[in-house]
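Next come the chains, spelled out residue by residue.
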Amino acid sequence: MLNQIKTVIGESPVWNAKSNSILWVEAAGKSAFQYDLTNRVVEEFYLPFEVTAVVPCDNSDWIFASKQGLFYSNAEFDHFTPLGDPCSNESALHLNDAVANPNGELWFGSLNCDDLNAPDGKLYKLTKQTISELDGGFSVANGIAFNFELKRAYCSNMFQRKVYEYQLDESMTRIIAKQVFIEFNQEEGFPDGLCVDKAGNLYVCHWDSGLVSYYQPSPTQVGQAHKLGQLVLPVKHTTRCTFGGPNYETLFVTTAHYQLSDHEAQCYPRSGELFILDAPTSGKPEAQVDARLLGLSD
């Protein structure tokens, strides 16, 4: 565990193999953090927007999702170019999670910040600086992930306690079918961030129960989940996880201490820390946005 930084809502961990570091964001503020595992040093970067997620590009630059829209950033996090905001005309709506599709596109979601239960959230993609809507009806569109081998995508409908599994076409640009993959009960909390391991198993972080569970999808049928196991963390909210380290056998898990009562804060004093764990299965590098595909690089 990394107790040097305690976030209100830690989110969007991304492993950088070149620098042997993990990057994540404060989704209740304007900061990104980078922890160098070689030197054991944390660096904080201050951003000019309220960040919600960060996504790597294949040219070493980055894309940030924020409450003010999408921004393209250089590798030093000191120059930002706006890319658009489909929520700009709705004051209650803003962007949330964002992830790179293995085909190089950017997929991202939205939510209604005035009423998290309202089904106003949507799932979008960015291609060639054009934003397209993919799906709607989300009470917080969260935790997007991809299974390249099966050509499938996943997204949490957080406050409806569901994770959807989408069958995509061969190019992974179009949704062909959609089914509920997992539905949580009250004790299990709410599905938050997602990631996929080397074998195609889906990892799910649980808001409100401190779990990270993982599931095997059916190779032939969309919407069939077989639970393989779960990790129990000493926190109330796990938010998102990713694989990294040598051979991608380390699991990095961001957590939150958002709106904990005094009693809960005493019970879960490590809430908000970044957890660094031995992964129960092997992972793989996350996909990167194709900067040239999006018209962001020559």
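## Looking at the overall build of the protein chain
Inference 1: Within the protein chain, the regular secondary structure consists of one helix and 23 strands.
Inference 2: Relative to the compact-globule value of 19 Å for 298 residues, the protein chain shows a C-alpha radius of gyration of 17 Å, a close match.
Inference 3: The dimensions of the protein chain, computed from C-alpha atoms along their principal axes, are 45 × 45 × 40 Å.
Inference 4: Scored against the burial criterion, the 298 residues of the protein chain give a buried share of 56%.
Inference 5: The contacts in the protein chain between residues at least 6 apart in sequence include a share of 46% that link residues at least 24 apart.
Inference 6: For the protein chain, the computed accessible surface area is about 12,500 Å², with 44% contributed by carbon and sulfur atoms.
Inference 7: Taken as two groups, the 21 positive and 37 negative side-chain charges of the protein chain have centres that lie 4 Å from each other.

## Structural notes on the sheet that holds strand β13 (residues 141-147)
Inference 1: The sheet built from four strands is open, its strands ordered β13-β14-β15-β16 with antiparallel pairing. The sheet is open, and its two edges are formed by β13 and β16 (175-183), each paired on a single side. Going from strand to strand, the sheet's axes swing by 20° on average, the running direction of each strand aside.
Inference 2: Pairing of strand β14 (residues 152-157) with strand β15 (residues 162-168), which is carried by six bridges, proceeds in the antiparallel orientation. Each residue of the ladder has a partner; that of R152, found in β15, is Q167.

## Section: the environment of N247
Inference 1: Locating N247 in the fold gives a position in the loop between β21 (237-244) and β22 (250-256).
Inference 2: Exposure remark for N247: the relative accessible area of 60% places this residue in the exposed category.
Inference 3: Here the alpha-carbon distance between N247 and Q34, two residues 213 residues apart in the chain, equals 20 Å.

## Details of the pairing of strand β8 (residues 80-84)
Strand residues, when the strand is regular, have side chains that alternate between the two faces of the sheet.
Inference 1: For strand β7 (residues 69-73) and β8, the ladder comprises four bridges, and the chain directions are antiparallel. Pairing of L70 across the sheet is with G84, part of β8.
Inference 2: With antiparallel pairing between neighbouring strands as the criterion, β7 and β8 make up a hairpin whose turn holds six residues, including F77 at a positive phi of roughly 60°.

## Let's talk about the environment of Q167
Inference 1: One can find Q167 in strand β15.
Inference 2: Residues Q167 and L95 lie 72 residues apart in sequence; the distance between their C-alpha atoms is 24 Å.
Inference 3: Apart from residues no more than four positions distant in its own chain, Q167 is found in contact with L150, K151, R152, R174, I175, I176, A177 and V222.
Inference 4: There is a polar contact of 3.0 Å between the side chain of Q167 and the backbone oxygen of K151.

## What to know about unusual backbone geometry
Inference 1: The residue K151 is not glycine, and still its phi comes out positive at about 55°.
Inference 2: Relative to the helices and strands, K151 is located in the loop between β13 and β14.
Inference 3: The exposure class assigned to K151 is buried, which follows from its relative accessible area of 11%.
Inference 4: Unlike most non-glycine residues, N247 shows phi in positive territory, near 60°.

## A word on the pairing of strand β4 (residues 41-46)
Inference 1: As defined by bridge partners, strand β3 (residues 31-36) adjoins β4 across six bridges and the pair is classed as antiparallel. Bridge pairing links A32 to F45 in β4.
Inference 2: Between β3 and β4, which follow one another and run antiparallel, lie four residues, and R40 among them has a positive phi close to 55°.

Each value, and the rule that gives it
Residues numbered from 1 in each chain as written. Predicted model: local features only at pLDDT ≥ 70, side-chain atom pairs only at ≥ 80, totals over all residues. Heavy atoms only, no water. Helix = DSSP H or I, 4+ residues; strand = E, 2+ residues; numbered from the N terminus. Rg over C-alpha atoms; globule rule 2.2 N^0.38 Å. Buried < 20%, exposed > 50% of the residue type's maximum accessible area, 1.4 Å probe, protein only. Contact = heavy atoms within 4.5 Å. Areas by Shrake-Rupley, 256 points an atom, 1.4 Å probe, with all protein chains shown as cover. Lys, Arg positive; Asp, Glu negative; His and termini not counted. Charge placed at Lys NZ, Arg CZ, Asp CG, Glu CD. Pairing = 2+ DSSP bridges. Axes fitted to C-alpha atoms, helices over the stretch in contact; angles between N-to-C directions. Polar contact = N/O pair within 3.5 Å; in protein donor to acceptor, adjacent residues only side chain to side chain.

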